[in-house]
Amino acid sequence: SKIAPVSDLGDLDLDVPQRGVDVNGIKKEHQSAIANYRVSSFLEAIPMEDSFLLNVGGDHGVGLGVLHGLLYHRPGMIVVWADAHGDIN
């Protein structure tokens, strides 16, 4: 059986200066928006023909950036979200 090559794309620097206040119950809204933008832009720039992306680590707050970046490549994608919490929130 053939094993597909694995590429580690490294870590993405999401260190964003703290600014502003919570907005509509969203904590660190400014930082979250910038981090999600960076993640999405990074993923959009990756050639992903016939590839599978496994995103490991990070906070659930940057999940939107991951999905947005992947939708760029696969607009008809279906998402199954498996949360790490035992209550499956």
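Anyway, here's the lowdown on the structure attached to this text. Here the residue numbering is sequential within each chain, running from 1 through the sequence in written order. For a predicted model such as this one, the threshold for reporting local features is a pLDDT of at least 70, and the threshold for listing and counting side-chain atom pairs is 80 or more; totals across whole chains, interfaces and linings nevertheless cover every residue. The side-chain figures draw on all heavy atoms in the structure; neither hydrogens nor water molecules are used.

Quick look at the overall build of the protein
Scanning the protein from terminus to terminus reveals 2 helices and 0 strands. Only the protein chains shown count as cover for residues, with accessible areas throughout obtained via the Shrake-Rupley method and a probe of 1.4 Å. Looking at the protein as shown, the accessible area adds up to about 7,500 Å², and 57% of this sits on carbon and sulfur atoms. Put simply, DSSP H or I for four residues or longer makes a helix, DSSP E for two residues or longer makes a strand, and each gets a number counted from the N terminus.

Comments concerning the side chain of Ser40
Considering the arrangement of structural elements, one finds Ser40 in helix H1 (residues 29-44). Assessed through its relative accessible area of 5%, Ser40 is described here as buried. Counted as a polar contact is a pair of N or O atoms within 3.5 Å, where, for protein atoms, one must be capable of donating a hydrogen and the other of accepting one, and residues adjacent in sequence contribute only when both atoms are in side chains. At a separation of 3.4 Å, a polar atom in the side chain of Ser40 contacts the main-chain amide nitrogen of Gly69. Contact partners of Ser40, with chain neighbours within four places excluded, come to Gly65, His68 and Gly69. When a residue's accessible area, from a 1.4 Å probe over protein chains only, is under 20% of the maximum for its type it is buried; when over 50% it is exposed; and in between it is partly exposed. Here a residue-residue contact requires only that any non-hydrogen atoms of the pair lie within 4.5 Å.

Regarding the side chain of Asn36
Within the secondary structure, Asn36 sits in helix H1. Residue classification places Asn36 among the buried positions, given a relative accessible area of 10%. Setting aside residues up to four positions removed in sequence, Asn36 forms contacts with Gly61, Val62, Gly63, Leu64 and Gly65.

Description of H1
Here the expected length of a helix is defined as 1.5 Å per residue gap, with one fewer gap than residues. Helix length check: H1, at 16 residues, gives a terminal C-alpha distance of 22 Å against a target of 22 Å (1.5 Å per residue), a fit within 8%. Among the residues of H1, Gln31, Ala35, Asn36, Val39, Ser40 and Leu43 are the ones counted as buried. All buried residues of H1 project into a common sector of 160 degrees when viewed along the axis, lining one side. Each C-beta atom gives one direction from the helix axis, and the arc is the one those directions make.

Shape is all these values report; function is a separate question.
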